[in-house]
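# What the coordinates show
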Protein chains: 2
Amino acid sequence: MEAVNRGDREQTGTPTNGDVRRDDRGQAGTPVGGNAQRGDREHPGSPISGSAQRGGSDIPGGRRKQRVSMADVAKLAGVSSQTVSRVSNGHPGVIDSTREQVLAAMRELGYRPNSAARALRYGQFNTIGVILFSLASTGNSRTVEAIATHAAAEGYAITLIPIDVPTQDNVLGAFTRMGELAVDAVIAIIEIYLLDTVSVTLPPGVHVVVVDSDAGDRYSVVDTNQADGARQAVRHLLDLGHRTVWHVTGPRTSYAAQSRARAWRATLEEAGRPVPPALPGDWSAESGYAAGLALAGEPGCTAVFAANDQMALGLLRALHERGRTVPGEVSVVGFDDIPDSAYFVPPLTTVHQDFAEVGRRCVRQVLAQIRDGKSSPPGTDLVPTSLMVRRSTAPPPASAPAP
Amino acid sequence: MEAVNRGDREQTGTPTNGDVRRDDRGQAGTPVGGNAQRGDREHPGSPISGSAQRGGSDIPGGRRKQRVSMADVAKLAGVSSQTVSRVSNGHPGVIDSTREQVLAAMRELGYRPNSAARALRYGQFNTIGVILFSLASTGNSRTVEAIATHAAAEGYAITLIPIDVPTQDNVLGAFTRMGELAVDAVIAIIEIYLLDTVSVTLPPGVHVVVVDSDAGDRYSVVDTNQADGARQAVRHLLDLGHRTVWHVTGPRTSYAAQSRARAWRATLEEAGRPVPPALPGDWSAESGYAAGLALAGEPGCTAVFAANDQMALGLLRALHERGRTVPGEVSVVGFDDIPDSAYFVPPLTTVHQDFAEVGRRCVRQVLAQIRDGKSSPPGTDLVPTSLMVRRSTAPPPASAPAP
DNA sequence: CCGAGTAATGTTTACGTAAACATGATCCCG
DNA sequence: CGGGATCATGTTTACGTAAACATTACTCGG
């Protein structure tokens, strides 16, 4: 009943720690002995469901301790808590027999270091905060996953704060919360405009890395090389013989979208080609569909570069519905290389983004900052892209005017 | 009551945490007065990039204080640190003038409560751990997002541990790590078989909720009502007049996949229809494509239920390539209702999963456990699904035998 | 066989917060 | 106008850990 305990000690009547410390067993006696023969304890090595399920109410003495501390281990092992600390942290200078005894006591009591106390002591939390707008986009979730994986490999956990509605206030709030949370650094995966006027205030010593932004003058930025990816897409189409390339953009507020659009335009201009009006999209398949409907009515249009794969999907459906074949009459290129894109009809030629690498570099940068104790200089670290050529692109139909 | 706020007290225009401490103004003088006229401080309201950028190493005095503690605020405000604590937590019994003074001092120093100390004191971390296999699937990432959002609304942060390779060892390791991390509860989004023989040992008082599993006899489980969703899909096809329904399964190791397959079979049997052999898939569009190729060779096949939308996508492509029209000759139903599915060719009829609701209920359960201080009884909380009828389903071709 | 040196372990203390208890001032009512 | 009640605030202490310092016990060279 009572039982299960959390830290909310009291309430269950427990004298919590009331029963006093009382360090009998002065070490006057024999600190040695080494005989860790306490195998006959009643709790089996591994109950089916783990302690989490049974809460702890079944501890015989009735006087269950909520949390096992070093002092408890020390008492059982007949040593000082400092020795337990040394064993716990693998410090040298503990004789083998003592170490064994301590380890046995730890096992028996199920000791776990208390990370809060540790963090308090060290002023470090071994945690990286991640602020992001949405996990719904493939890119973000893959990036986060990579961040989490690499952080874990380095002994860091990640704490996530999603921002439901992307306003500057909410961004500010998220940073503020991060400042109060136990994090050593923050990785922000947010659109640039949200950082524009926000003056980020974090506790000193908390470092920041930003993804998806051109704030390279103020922060350490890691990002996919958007411009180069877009350039590759456009060049690919031009090289196939298309006279020009139309473009369905992402939302105006997105840095990545702007960047891709800018590169699209620049690449066309460099090649001396006409620049058709950009069709506005918002990343959604729906907006791509709308753009596709419009484009289907443009007889001169033989090639389209969609700023992401989902819009390309909508585009493909619209073109299909309007009877314009892909790639026979119109070629389509996307951006992202989401796993599904290879199974679109037809399989989509698209720009591959290495999200895992973006995540990896974020973690690397952040850890470098933490370890050096100082921010790395602002700057931008660009991850290269590669073009995945599949079946949605081909030379323009013969009837189309060659350049 | 008052001051719901958790930590996010006033962060107004904080001068970050000004450089330098400098505790003049001993409180020997007049602790009263309320004249908070310290407007003339030198640090500007908001530096462009925030303290995070300067890392702290450039602080003149050389020996900068990393963290501003209550004691610092107390000294500046000329009160005891306990009073600062009271103000910080919105406790009553602080006279207005004093409160103002403390708040001013907080602002001036850029005080932030230290969550580690707080956690140590309370034995609570206000953090929920999430263990999951992969963020790559739409379902998982959307669930996590919902969890994070709702947790944040309740003042909880979430800590993520992804498992790269799904072995029981890794799962055990993740739980162990969680046990050492500062979390009050754990939500595990993993396939059932991974929990099978793992005896989860978490510190007492850390609660567990499981998603995507039928461990309802041992844990609190929250899940989409897989069986009912599958039943709806199959019934829909039968109601359209199809004699039977083929099925492309998810991986054998997946509980959700098993559950959908079981319901598919049961629904057919209930209706007295023949049960065709199930085609094995692994959630990927690629496996759906392979299944589609096989199915295209089955003349009797007029209806297929794919265990997820991505496999349905592959299926659609394969059928399209083989010249079998959808829904003219073959009807296809998916599962998940990923955003793109409305833009497949043709738009996919599919079973909608309410991932957000799953996340919400997870958080609700976990918080209830934390607050009650005891694990809720094992059991399963099923979130309903709904069928989204789009254009990939229709009555069977006239030539097909009616039931 | 003694004393310096070192290895093993114990004791004290600080980290930042907040509950519990203590103190001093003010107020109100008989 | 005295004494208890109330209020605002201060002081002590514990939370769990680990660095810094202290204390033993043992080793080894002269």
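Residues numbered from 1 in each chain as written. Chains lettered and ligands numbered in written order. Predicted model: local features only at pLDDT ≥ 70, side-chain atom pairs only at ≥ 80, totals over all residues. Heavy atoms only, no water.

Going by what an unreviewed UniProt entry lists, chain A is known as DNA-binding LacI/PurR family transcriptional regulator and is assigned to Nonomuraea roseoviolacea subsp. carminata.

### Regarding the side chain of Asp 340 of chain B
Applicable threshold: A helix here means a DSSP run of H or I that spans at least four residues, while a strand means a run of E at least two residues long, and both kinds are numbered starting from the N terminus. Under the scheme applied here, a residue whose accessible area is under 20% of the maximum for its type counts as buried, over 50% as exposed, and between as partly exposed, the area being computed with a 1.4 Å probe on protein chains only. In this tally, Asp and Glu contribute negative charge and Lys and Arg positive charge; neither His nor the terminal groups of the chain are included. A carboxyl oxygen of Asp or Glu within 4 Å of a side-chain nitrogen of Lys or Arg is what we treat as a salt bridge. It only takes one pair of heavy atoms within 4.5 Å for two residues to be counted as in contact.
As for its placement among the helices and strands, Asp 340 of chain B is situated in the loop between strand E8 (331-336) and strand E9 (349-352). Although Asp 340 of chain B lies buried, it forms no salt bridge, and the closest oppositely charged side chain, Arg 142 of chain B, sits 9.4 Å away as judged by the N-O distance. For Asp 340 of chain B, the residues in contact, after removing those within four places along its chain, are Ala 285, Gln 310, Leu 313 and Ile 338 of chain A.

### Quick look at the sheet that holds strand E5 (residues 220-224) of chain A
As a reminder, the rule being used: The pairing criterion for strands is at least two bridges between them, as found by DSSP. Whenever a helix is involved, its axis is fitted only over the stretch in contact; in every case the axis is a line through C-alpha atoms, and angles between N-to-C directions fall within 0 to 180 degrees.
Ordered in space as E10(A)-E5(A)-E4(A)-E3(A)-E1(A)-E2(A)-E2(B)-E1(B)-E3(B)-E4(B)-E5(B)-E10(B), the 12 strands form an open sheet in which the pairing is mixed. Either end of the sheet is taken by a strand with one partner, and the two such strands are strand E10 (379-383) of chain A together with strand E10 (379-383) of chain B. Sheet twist, expressed as the mean angle between neighbouring strand axes with direction ignored, is 25°. Of the strand pairs in this sheet, strand E4 (residues 207-211) of chain B and strand E5 (residues 220-224) of chain B are connected by 3 bridges, and their pairing is parallel. For Val 211 of chain B, the partnering residue across the bridge sits in E5 of chain B and is Val 222 of chain B. Most of the contacts of helix H7 (residues 168-180) of chain B go to strand E1 (residues 127-132) of chain B, to which it runs at about 170°, and overall it touches strand E2 (157-162) of chain A together with E1, strand E2 (157-162) and strand E3 (185-189) of chain B.

### Details of helix H7 (residues 168-180) of chain A
What counts, and what does not: A helix is expected to reach a length of 1.5 Å times the quantity of its residues less one.
Compared with the 18 Å implied by 1.5 Å per residue over 13 residues, the 18 Å span of H7 of chain A between its first and last C-alpha is a close match. Buried within H7 of chain A are the following residues: Val 171, Ala 174, Phe 175, Thr 176, Arg 177, Met 178, Gly 179 and Glu 180 of chain A. Where H7 of chain A is buried, its residues touch strand E1 (127-132), E2 and strand E3 (185-189) of chain A together with helix H5 (115-122) and E2 of chain B.

### Quick look at unusual backbone geometry
The amide bond that connects Val 326 of chain A to the next residue, Pro 327 of chain A, takes the cis arrangement and shows omega of 5°. Counting through the fold element by element, Pro 327 of chain A comes out in the loop between helix H11 (309-321) and strand E8 (331-336). A cis amide bond, omega -5°, links Val 345 of chain B with the succeeding residue Pro 346 of chain B. Looking at where Pro 346 of chain B falls in the secondary structure, it is placed in the loop between E8 and E9. Despite not being glycine, Trp 283 of chain A shows a phi value in the positive range, around 85°. The backbone of Asn 126 of chain B sits at a positive phi, close to 55°, despite the residue not being glycine. In this structure, Asn 126 of chain B sits in the loop between H5 and E1. What makes Asn 126 of chain B partly exposed here is its relative accessible area of 22%.

### Details of the sheet that holds strand E6 (residues 246-248) of chain A
Residue and element names in this part refer to chain A. The strand order E6-E7-E8-E9-E11 describes an open sheet built from 5 strands, whose pairing is mixed. Looking at strand neighbours, the two that pair on one side only are E6 and strand E11 (386-388), the edges of this open sheet. Recorded for the sheet is a direction-independent mean angle of 20° between the axes of neighbouring strands. Relative to strand E7 (residues 303-306), E6 runs parallel, the two sharing 3 bridges.

### Some remarks on the environment of Leu 109 of chain A
All names here are of chain A. Examined against the element boundaries, Leu 109 turns out to sit in helix H4 (residues 96-109). The class for Leu 109 is partly exposed, based on a relative accessible area of 31%. When the C-alpha atoms of Leu 109 and Val 68 are compared, they prove to be 6.9 Å apart, with 41 residues separating the residues in sequence. Those residues within four positions of Leu 109 in sequence are excluded, and the remaining contacts are Val 68, Asp 72, Val 73 and Leu 76.

### Focus: the protein's contact with DNA strand C
What counts, and what does not: Summary of the distance rule: residues count as near a molecule or strand when at least one heavy atom falls within 4 Å of that molecule or strand. Polar contact is the term for a pair of N or O atoms within 3.5 Å; when the atoms are in protein, one must be able to donate a hydrogen and the other to accept it, and sequence-neighboring residues count only if both atoms are side-chain atoms. In this classification, the charged set is Asp, Glu, Lys and Arg, the nonpolar set is Ala, Val, Leu, Ile, Met, Phe, Trp, Tyr, Cys and Pro, and all remaining amino acids, among them Gly, are polar.
Neighbouring DNA strand C are 25 residues, the closest being Thr 83 and Thr 98 of chain A together with Met 70, Tyr 111 and Arg 121 of chain B. Within the side chain of Thr 83 of chain A, an N or O atom sits 2.7 Å from a phosphate oxygen of DNA strand C. In the environment of DNA strand C, a phosphate oxygen lies 3.2 Å from a nitrogen or oxygen atom belonging to the side chain of Asn 89 of chain B. Secondary structure elements with two or more residues in the surface near DNA strand C: helix H3 (81-88) and helix H5 (115-122) of chain A together with helix H3 (81-88) and H5 of chain B. Tallying contributions element by element places H5 of chain B first for the surface near DNA strand C, with 4 residues. Residue composition of the surface near DNA strand C, grouped by class: 9 nonpolar, 11 polar and 5 charged.

### Thoughts on empty space enclosed by the protein
Short version of the rule: Any residue with an atom within 4 Å of a point lines the site, the site being either a cavity, points on a 1 Å grid over the protein atoms alone where a 1.4 Å probe fits but cannot get out, or a pocket, an open set with protein on both sides within 12 Å along at least 5 of 7 lines. Grid points are joined across faces, edges and corners, and a volume is the space filled by probe spheres set on the points.
The tally for this structure, following the rule as stated, stands at 6 cavities of 30 Å³ or more. Of the volumes computed, that of the second largest cavity is approximately 60 Å³. Leu 313, Leu 316, Phe 344 and Val 345 of chain A together with Leu 313, Leu 316, Tyr 343, Phe 344 and Val 345 of chain B together form the lining of the second largest cavity. Of all elements in the fold, only H11 of chain A together with helix H12 (309-321) of chain B reach the threshold of two or more residues within the lining of the second largest cavity. The residue makeup of the lining of the second largest cavity, split by class, is 9 nonpolar, no polar and no charged.

### Thoughts on the environment of Ala 266 of chain B
One can find Ala 266 of chain B in helix H10 (residues 255-270). Along the sequence, Ala 266 of chain B and Val 234 of chain B sit 32 residues apart, while their C-alpha atoms lie 9.9 Å from each other.

### As for the nonpolar core
Put simply, the rule reads: The set of buried Ala, Val, Leu, Ile, Met, Phe, Trp, Tyr and Cys residues whose side-chain atoms join them within 4.5 Å is what this entry labels a nonpolar core.
Residues Leu 315 and Val 332 of chain A together with Leu 315 and Val 332 of chain B are the most contacted members of the largest nonpolar core, which totals 54 residues. Counting residues per element, the ones that place at least two in this core are E6, helix H10 (285-296), E7 and H11 of chain A together with strand E6 (246-248), helix H11 (285-296), strand E7 (303-306) and H12 of chain B. Ignoring anything within four residues of it in the chain, the contact list for Leu 315 of chain B reads Val 248, Gly 288, Tyr 289, Ala 291, Gly 292, Leu 295, Val 304, Ala 306 and Val 332 of chain B.

### Details of the pairing of E1 of chain B
Residue and element names in this part refer to chain B. Counted only if it meets this: The path from the first strand over the helix to the second decides the hand: if it runs clockwise while the strands point away from the viewer, the crossover is right-handed.
Taken across its 6 residues, E1 has 6 buried, putting it largely inside the fold. Of the two faces of E1, both are covered, the one formed by Thr 127, Gly 129 and Ile 131 as well as the one formed by Ile 128, Val 130 and Leu 132. Taken together, the 6 bridges between E1 and E2 define a ladder with parallel strand orientation. Note that in E2 the partner of Gly 129 across the bridge is Thr 159. Taking the sense of rotation as the criterion, the β-α-β connection linking E1, helix H6 (residues 138-153) and E2 turns out right-handed.

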